[in-house]
Amino acid sequence: MAKRVAVIGAGAAGLCAVRHLSASPEIFSVVCYELGPTVGGTWNYTDRTGKDENGLPIQSSMYKNLRTNLPKEVMAFPDFPFNTCLPSYIVHQDVLEYLKSYADQYNLYKYIKLNTMVTEVHSRQSTGSKELWDVSYCPSADRSQVQTQEFDAVMVCNGHYSLPLYPTIPGMEEFRGQVVHSHDYRKPDEFRGQTVVCLGAAASGQDIAIDVSHQAKMVYLSHNKSPLQTCLPENVQQKPGIAKLGTHSVTFLNGEEAELDVLLLCTGYHYHFHFLSSDCQVQISDERISPLYKHLVHIDHPTMAFVGIPKTICPFPQFDVQVRFFVSSLCGQFTLPSREEMISDTERDFQRRLSEGLPPRYAHVLGPWQWGYNDELAELAHIQLIPRVVQKLYDYVHETRVRDIARYKDCNYEITSEEDFKAV
Ligand code: FAD
């Protein structure tokens, strides 16, 4: 009998999971649950913030003018290039179109239940002591109609850019200006003529500071990293982190004070898996999900995987490797290490990060380690590596971004071989 696999979410990660599972219909039968009305996850831009028409939290964190911060040549899944007529840095609508074409190309829609929310996942032992999963789901528009289906494996692909992380800032209760998390940032027009602090200078913080500067009077990009060595628009200034807020002012950690209308929090997101019951034994502590082998496989329930957990990575190619790794383990093409080996591998990796000075909450931030991680997964599962050119171009565009954040997206690239690219 085919192994029954549930995929939760039909964003890029979930689509990739369905694509590889459905390629072997004699081995797997797949059902994908997506709470929204369409595939593509966070790339479904909406003007709306807060709740959707069904009273569920808005999933998308896209803003109106977003262009990708990676060129399409590295963003693509290895088996599905973007349309070559597009420029390298594309608008969010093009990414959504791409994901819908991917679903069409691999005939994925027939496996996806749209407008269907997973409400609960339970682990259960069958009489033969095999682990089974009960997945409960309901129409997103009517949460009283719950049904449950049994599966042999579960792939959790629910994304991690939808539950905002709000920092604690002294004086926040007294502040009378507007406080907006980047999850709810949509258009710069709403901030015309205002003084804005963008708190946090990771990719989104930098990009939003530039976007909002087109309409705002002044933008302070406040962060605790070393100052960015890049050209910024005239009305964007870097400042250290925030010491405190007043009713209409901000004091930075260097003691400088400024008038303030809007505090834009580009402070990241929490991981969340509200639908996993306690018998799934998943803990999240300080943004570290445990116990996960290779940020992916549940060590105590190895028929459950979490695709897309690592941060600061090149997402779609990594999803593809993670999915092929897990699918190979499910169909027995390779055997996962013993529970003890998986635990010690995970702990070794975590301790190495701490010894390099990273705080525990960076447990899933890969950055420069992503390429070694991808290769390791591919080698362990005897699957194809991501072509070298992806890393080469990713590293190259990172340098161009560091030099000139306001204009690096004007460049275009072409992949010329598995090893090389050229600027065009
Ligand atoms: P999502 O796209 O979030 O999909 C998760 C899906 O799960 C959603 O459709 C959601 O509705 C569904 N879901 C959640 N809970 C349930 C449930 N209980 N039941 C059923 N369905 C559920 N990446 C790049 O490569 N290039 C970029 O330039 C880039 N820019 C970005 C800019 C922003 C502002 C953000 C937020 C992200 C950006 N990313 C970028 C990263 C992006 O998140 C990934 O590329 C990728 O799209 C994530 O896919 P995902 O499937 O993991 O998550």
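Predicted, not measured: the structure shown is a model, and the values here were computed from it.

Engineer: Could you clarify how one ought to interpret the site of the ligand in this entry?
Structural biologist: Contacts to the ligand come from 30 residues, most closely from E34, T42, W43, N69 and V118. Separating an oxygen atom of the ligand from a backbone N or O atom of A13 is a distance of 3.0 Å. Here the residues of the shell around the ligand are counted per class, giving 18 nonpolar, eleven polar and one charged.

Engineer: Explanation requested: the sheet that holds strand β9 (residues 195-199) in the structure shown.
Structural biologist: Consider a sheet: its strands pair through backbone hydrogen bonds, and that pairing is either parallel or antiparallel. Read across the sheet, five strands follow the order β8-β15-β9-β10-β11 without closing on themselves; strand pairing throughout is parallel. Two strands in the sheet have a free side with no partner beyond their single neighbour: β8 (178-181) and β11 (236-239). Neighbouring strand axes in the sheet, compared pairwise and without regard to direction, differ in orientation by 20° on average. Bridge count between strand β10 (residues 218-222) and β11: four bridges; the pairing is parallel. Paired with L221 across the two strands is Q238, which belongs to β11. In the packing of helix α4 (residues 203-213) onto the sheet, contacts are made with β9, β10, β11 and β15 (262-265), and the angle to β10 comes to roughly 170°.

Engineer: Whenever I open this one, the domain arrangement of the chain confuses me. Can you help?
Structural biologist: The accessible area lost on association of the parts is a frequent measure of interface size. Domain assignment breaks the chain into domain 1 (3-163 + 269-389) and domain 2 (178-265). Distance from the C-alpha centre of domain 1 to the C-alpha centre of domain 2: 32 Å. Between domain 1 and domain 2, the contact holds 18 residues from the first and twelve residues from the second. Interface of domain 1 and domain 2: buried area, both sides summed, is about 1100 Å²; carbon and sulfur atoms make up 48% of it.

Engineer: It is not clear to me how the environment of Q59 should be interpreted in this structure. Could you clarify?
Structural biologist: Mapped onto the elements, Q59 comes out in the loop between β2 (28-33) and α2 (72-75). A sequence separation of 125 residues divides Q59 from D184, and the C-alpha atoms of the two residues are 10 Å apart. Other than its neighbours up to four places away in sequence, Q59 contacts L35, T42, Y161, S162 and H183.

Engineer: Quick question: what am I supposed to make of the pattern of salt bridges here?
Structural biologist: A side chain of one charge can pair with a side chain of the opposite charge if their charged atoms are brought near each other. Under the criterion given, the structure shown has 24 salt bridges. With a closest N to O distance of 3.0 Å, D152 and R4 form a salt bridge. With a gap of 148 residues between them, D152 in the loop between β6 (147-151) and β7 (153-156) and R4 in strand β1 (residues 3-8) connect regions that are remote in the sequence. As far as the burial class goes, D152 and R4 line up, both buried.

Engineer: Explanation requested: the packing of helix α1 (residues 12-22) against helix α3 (residues 92-105) in the structure shown.
Structural biologist: Pairs of packed helices are described in terms of their axes, by the angle between the two and the distance that separates them. Close contact between α1 and α3 brings their axes to 10 Å; oriented N to C, the two are set at 15°. Considering their axes alone, α1 and α3 lie roughly parallel with respect to each other. In this structure, α1 crosses over α3, and the sense of that crossing is left-handed. Across the interface between the two elements, A12, L15, C16 and R19 from α1 touch L99, Y102 and A103 from α3. Class assignment of the residues belonging to the contact of α1 with α3 gives a composition of six nonpolar, no polar and one charged.

Definitions and limits used
Residues numbered from 1 in each chain as written. Predicted model: local features only at pLDDT ≥ 70, side-chain atom pairs only at ≥ 80, totals over all residues. Heavy atoms only, no water. Near = heavy atom within 4 Å. Polar contact = N/O pair within 3.5 Å; in protein donor to acceptor, adjacent residues only side chain to side chain. Nonpolar A, V, L, I, M, F, W, Y, C, P; charged D, E, K, R; others polar. Pairing = 2+ DSSP bridges. Helix = DSSP H or I, 4+ residues; strand = E, 2+ residues; numbered from the N terminus. Axes fitted to C-alpha atoms, helices over the stretch in contact; angles between N-to-C directions. Contact = heavy atoms within 4.5 Å. Domains from an automatic or database assignment. Buried area = accessible area lost by both parts, 1.4 Å probe. Salt bridge = Lys/Arg side-chain N within 4 Å of Asp/Glu carboxyl O. Buried < 20%, exposed > 50% of the residue type's maximum accessible area, 1.4 Å probe, protein only. Parallel < 35°, antiparallel > 145°, perpendicular 65-115°, else oblique. Left-handed = near helix turned anticlockwise from the far one by under 90°.

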